[in-house]
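Structural overview for review
Next come the chains, spelled out residue by residue.
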Amino acid sequence: MSLYTERHNMRLPISKTSNISIAAYSLLYDCCTRYFDYLAWKYPEECQDGCGCCGFNSDKFNEDMMFEIPNLFRREGIIDKPRSIYNAFENDFEDDEYDQYALLDLIEYVAQKIKDIIQKDYHGFFRHHHLSFGTTSEITSTFIHDINEIFSKTGLLYHLTNKLEVERDEESAILSEEIENNIKSVTEQGLRDLLLLAVKKHKSPYPDDQKDAVEKIWDAFERLKTYYKDMTKRGSADKIVHDMSKCQTDYIKLFDSEFKELTDIGNNFRIRHHETNKIDITDIKYYDYFFNRCLALISTAILYLE
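Residues numbered from 1 in each chain as written. Predicted model: local features only at pLDDT ≥ 70, side-chain atom pairs only at ≥ 80, totals over all residues. Heavy atoms only, no water.

Within the chain, the secondary structure is distributed over 11 helices and 10 strands. Its C-alpha radius of gyration of 25 Å places the chain more than 25% over the 19 Å reference for a compact globule of 306 residues. Each of the three principal axes of the chain carries a C-alpha extent, and together these read 85 × 55 × 50 Å. With 306 residues in all, the chain has 42% of them scored as buried. Long-range pairs, those at least 24 residues apart, make up 58% of the contacts in the chain between residues at least 6 apart in sequence. Of the accessible surface of the chain, which amounts to about 17,900 Å², a share of 48% is contributed by carbon and sulfur atoms. (Helix = DSSP H or I, 4+ residues; strand = E, 2+ residues; numbered from the N terminus. Rg over C-alpha atoms; globule rule 2.2 N^0.38 Å. Buried < 20%, exposed > 50% of the residue type's maximum accessible area, 1.4 Å probe, protein only. Contact = heavy atoms within 4.5 Å. Areas by Shrake-Rupley, 256 points an atom, 1.4 Å probe, with all protein chains shown as cover.)

In structure tokens:
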């Protein structure tokens, strides 16, 4: 149910961002900790009477995370959430340094590992419950909902998928389920694999993957030009342009010009080639532009492949 100011459009729009603030980190981290009992099958606190698991063992979990997610924020060696602490000498606040992507790893880890608690038996002497676990993970859907609710209300451009992976949201994206399905139907395996890899990396929240996505989609673009193996590269590209254009002169000029423009971009910018005379891509946001421009042409072209 929406709140009063939401129903009456009295709230300012939420600012969208990919940067996880300390406040948002705290909300997401606390959400994860609420589900730690569902990890107790893997990190059990053993009952002193030898009656089995009676809860989640944070010490075992901390030790394992040193290797599973080594960059996860810690305070005095213990996994925690960062804070903004007032420094009286500087008369200002100092933020703890943290790796926001390690938090996304934690979210994925919890989503992938939690299991349903099928029984809780109360042990009166120690005043705790003994936990029994099954093989199901229906609780995961609740965790996904709670995490995505936090992503949404904090304006974070991420979502946790049903595949239990965090993907980023792109406000100006042209990528759609229909385009992904069309890519999967491409019969030439090399082209299909490159496009699927490019899409996967483009969805990733990690900046290095977004850079790789542009390289991979340009690799796919170059392979597309050689789709018709019984022709030269130029002949194959010309056939693709003519088929897309349905032999209409204006569209032949349009698509031929776009093929040449994308070829020049791939040759002149630091996308597929890394010589010192290539133009550096100086803003991470430019990668979305390059990816979307190349995808727009390729996603249209593959509709006309024989």
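The rest of the description comes next.
On to the packing of aromatic side chains, then. All told, the structure shown has 16 aromatic pairs when counted by the stated rule. When the centroid spacing of 5.0 Å and the interplanar angle of 75 degrees are considered together, the rings of Tyr35 and Phe143 count as edge-to-face. Taken together, the residues span a long stretch of sequence, with Tyr35 in the loop between α2 (22–33) and β1 (44–46) and Phe143 in helix α5 (residues 139–153) at a distance of 108 residues. Between Phe151 and Tyr158 the ring centres are 5.9 Å apart and the planes differ by 55 degrees, which places this aromatic pair in the tilted class. (Phe/Tyr/Trp six-rings, centres within 6.5 Å; stacked < 30°, edge-to-face > 60°.)

Here helix α4 (residues 100–113) is 14 residues long and its end C-alpha atoms lie 20 Å apart, about the 20 Å a rise of 1.5 Å per residue gives. Taken together, the buried positions of α4 are occupied by Gln100, Ala102, Leu103, Leu104, Leu106, Ile107, Glu108, Tyr109, Val110 and Ala111. Where α4 is buried, its residues touch α2, α3 (58–68), α5, β9 (158–160) and β10 (166–168). Of the residues that open α4, the one with a side-chain oxygen 2.9 Å from the backbone nitrogen of Tyr101 is Asp99. (Expected span 1.5 Å × (residues − 1). Polar contact = N/O pair within 3.5 Å; in protein donor to acceptor, adjacent residues only side chain to side chain.)

Right, let's get into the pattern of salt bridges. All told, the structure shown has 22 salt bridges when counted by the stated rule. Between Arg272 and Asp219 there is a salt bridge whose closest N-O contact spans 2.7 Å. One end of the pair, Arg272, is in the loop between α10 (249–268) and α11 (284–301); the other, Asp219, is in helix α8 (residues 207–225), and 53 residues separate them in sequence. Because the salt bridges share partners, they merge into one network encompassing Arg75, Asp80, Arg83 and Asp96. (Salt bridge = Lys/Arg side-chain N within 4 Å of Asp/Glu carboxyl O.)

Attention now goes to the packing of α8 against α11. Two numbers describe how α8 lies on α11: the axes approach to 9 Å, and their chain directions differ by 30 degrees. Our classification of the angle between α8 and α11 gives roughly parallel. For the element pair α8 and α11, the recorded crossing hand is left-handed. Across the interface between the two elements, Pro207, Gln210, Lys211, Ala213, Val214, Ile217, Trp218, Ala220, Phe221 and Leu224 from α8 touch Ile284, Tyr287, Phe290, Phe291, Cys294, Leu295, Leu297, Ile298 and Ala301 from α11. A class-by-class count of the residues in the contact of α8 with α11 yields 17 nonpolar, one polar and one charged. (Axes fitted to C-alpha atoms, helices over the stretch in contact; angles between N-to-C directions. Parallel < 35°, antiparallel > 145°, perpendicular 65-115°, else oblique. Left-handed = near helix turned anticlockwise from the far one by under 90°. Nonpolar A, V, L, I, M, F, W, Y, C, P; charged D, E, K, R; others polar.)

Moving on to the packing of α2 against α4. Interaxial distance between α2 and α4 falls to 10 Å at its minimum, and their mutual angle equals 25 degrees. As the angle between them shows, α2 and α4 are arranged roughly parallel. Handedness of the α2/α4 crossing: left-handed. Contact with α2, carried on its side by Tyr25, Leu28, Tyr29 and Cys32, involves Leu103, Leu106, Ile107 and Val110 of α4 and no other residues of that element. When its residues are assigned to classes, the contact of α2 with α4 shows eight nonpolar, no polar and no charged.

Now for unusual backbone geometry. Negative phi characterises most residues that are not glycine, and trans characterises most peptide bonds. With a phi angle near 55 degrees, Lys246 is a residue other than glycine that sits in the positive phi range. As for its placement among the helices and strands, Lys246 is situated in the loop between α9 (233–245) and α10. The phi dihedral of Cys247 is positive, around 65 degrees, even though this residue is not glycine. Checked against the element boundaries, Cys247 lands in the loop between α9 and α10. Residue classification places Cys247 among the exposed residues on the basis of a relative accessible area of 57%.

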